[in-house]
Amino acid sequence: MMNTTPIRRAVYAGSFDPPTLGHVWMIREAQALFDELIVAVGVNPEKQNTYTIEERQAMLEAVTAEFPNVKITVFENRFLVHYAREVDARFIVRGIRTAGDYEYERSMRYINSDLAPEISTVFLMPPREIAEVSSTMVKGLVGPEGWREMIRRYLPEDVYQKILNDHQQDG
C-alpha cells in the first residue's frame, strides 16, 4: 500500500546576519516537528547586512549539518507566505521572544492567513537563557575589550570562529 500522507513541510525565514544560538534552537525544535524544514535566508534590500547572502547560507549549512531534513534556501522580493506556497510548505515557523514580537507576529499571522488561508503559522518560544539573543545584539557587542568572550555564549561554534577570523583580518 502506498503512503499518500502529504509531507509536513515548514519554512523558517530570517536574515540570519549572523545565525545565533537562538536561531539554532528554533531550527532544532522546528525540524523535530516537521518532515522537512526549509530555512530561508530573506533578502531585504532596505537592510544593511554585515554578511553576504552566500556567507549567511554557508554559516547556516554548517550549523544545520546534523539535521538531514533541513534545507537552506534564499528568497527575495516576495511575501514569505507566497514563498511558502511556492515551495509547497503548509507551515511558517516564527519565534516569539518578547511581547513586541508577539504583537508583530500576531498581525503578520492574520495578514498571511488572508493571503494564503491554507498555510498555518506555528509559534515557538525559546528558553529564557537565549530569549534575548538576536543577531543585532551580537553584532553590537563586537569591538570593545573582551568582546570575544562576550559573544561566544550566543553563537554556534562555526559562526563564532567565522566572526573571529573576519576580525583578525581587520587587525
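Residues numbered from 1 in each chain as written. Predicted model: local features only at pLDDT ≥ 70, side-chain atom pairs only at ≥ 80, totals over all residues. Heavy atoms only, no water.

Taking an unreviewed UniProt entry as the reference, the protein is identified by name as Phosphopantetheine adenylyltransferase belonging to Neisseria brasiliensis. Per UniProt, the comment on the protein under Function (unreviewed entry) is "Reversibly transfers an adenylyl group from ATP to 4'-phosphopantetheine, yielding dephospho-CoA (dPCoA) and pyrophosphate." (UniProt positions renumbered as here; feature names shortened; annotations may be inferred.)

Participant: What exactly am I supposed to notice about the pairing of strand E1 (residues 9-14) here?
Facilitator: For a regular strand, side-chain orientation follows a simple rule: the groups alternate between the two sheet faces. Among the six residues of E1, five are classified as buried, and the element is accordingly described as predominantly covered. Handedness of the β-α-β unit built from E1, helix H1 (residues 21-33) and strand E2 (residues 36-43) comes out right-handed. (Buried < 20%, exposed > 50% of the residue type's maximum accessible area, 1.4 Å probe, protein only. Helix = DSSP H or I, 4+ residues; strand = E, 2+ residues; numbered from the N terminus. Right-handed = clockwise from strand over helix to strand, strands pointing away.)

Participant: Explain unusual backbone geometry here, please?
Facilitator: Where the residue is not glycine, phi is negative for most of them; where a peptide bond is considered, it is trans in most cases. Cis geometry is adopted by the peptide bond preceding Pro 18, which originates at Asp 17 and carries an omega value of 5°. Mapped onto the fold, Pro 18 is located in the loop between E1 and H1. A positive phi angle, close to 50°, is found at Phe 16, a residue other than glycine. Turning to its location among the elements, Phe 16 is positioned in the loop between E1 and H1.

Participant: Please explain the layout of surface pockets as it appears in this structure.
Facilitator: The gaps left among the atoms become clear once a water-sized probe is rolled over them. Taken as a whole, the largest pocket encloses approximately 1,300 Å³ of empty space. In this structure, the largest pocket is lined by 45 residues; those nearest its centre are Ala 13, Gly 14, Ser 15, Lys 47 and Arg 94. Of all elements in the fold, only E1, H1, E2, strand E3 (70-76), helix H3 (80-86), strand E4 (91-95), helix H4 (99-115) and helix H5 (135-141) reach the threshold of two or more residues within the lining of the largest pocket. Take the lining of the largest pocket: its biggest share by element is eight residues, from H4. Here the lining of the largest pocket is composed, by residue class, of 18 nonpolar, 16 polar and eleven charged. (1 Å grid on protein atoms, 1.4 Å probe; cavity = no way out; pocket = protein on both sides within 12 Å on 5 of 7 lines; lining within 4 Å. Points joined across faces, edges and corners; volume = space filled by probe spheres on them. Nonpolar A, V, L, I, M, F, W, Y, C, P; charged D, E, K, R; others polar.)

Participant: Quick question: what am I supposed to make of the nonpolar core here?
Facilitator: Here is a general trend for soluble globular proteins: nonpolar side chains tend to be buried in one another's company. Counting residues in each nonpolar core, the largest one holds 34 residues, and the members touching the most others are Ile 27, Leu 37, Val 39, Leu 60 and Val 93. At five residues, H1 tops the list of elements feeding residues into this core. In this view, Leu 37 contacts Ala 10, Val 11, Tyr 12, Ile 27, Ala 30, Gln 31, Asn 69, Val 70, Lys 71 and Val 93; residues no more than four positions away in its chain are not counted. If you look at the next biggest cluster of nonpolar residues, it comprises 13 residues, including Val 11, Ile 38, Tyr 83 and Ala 84. (Core = buried A, V, L, I, M, F, W, Y, C linked by side-chain atoms within 4.5 Å. Contact = heavy atoms within 4.5 Å.)

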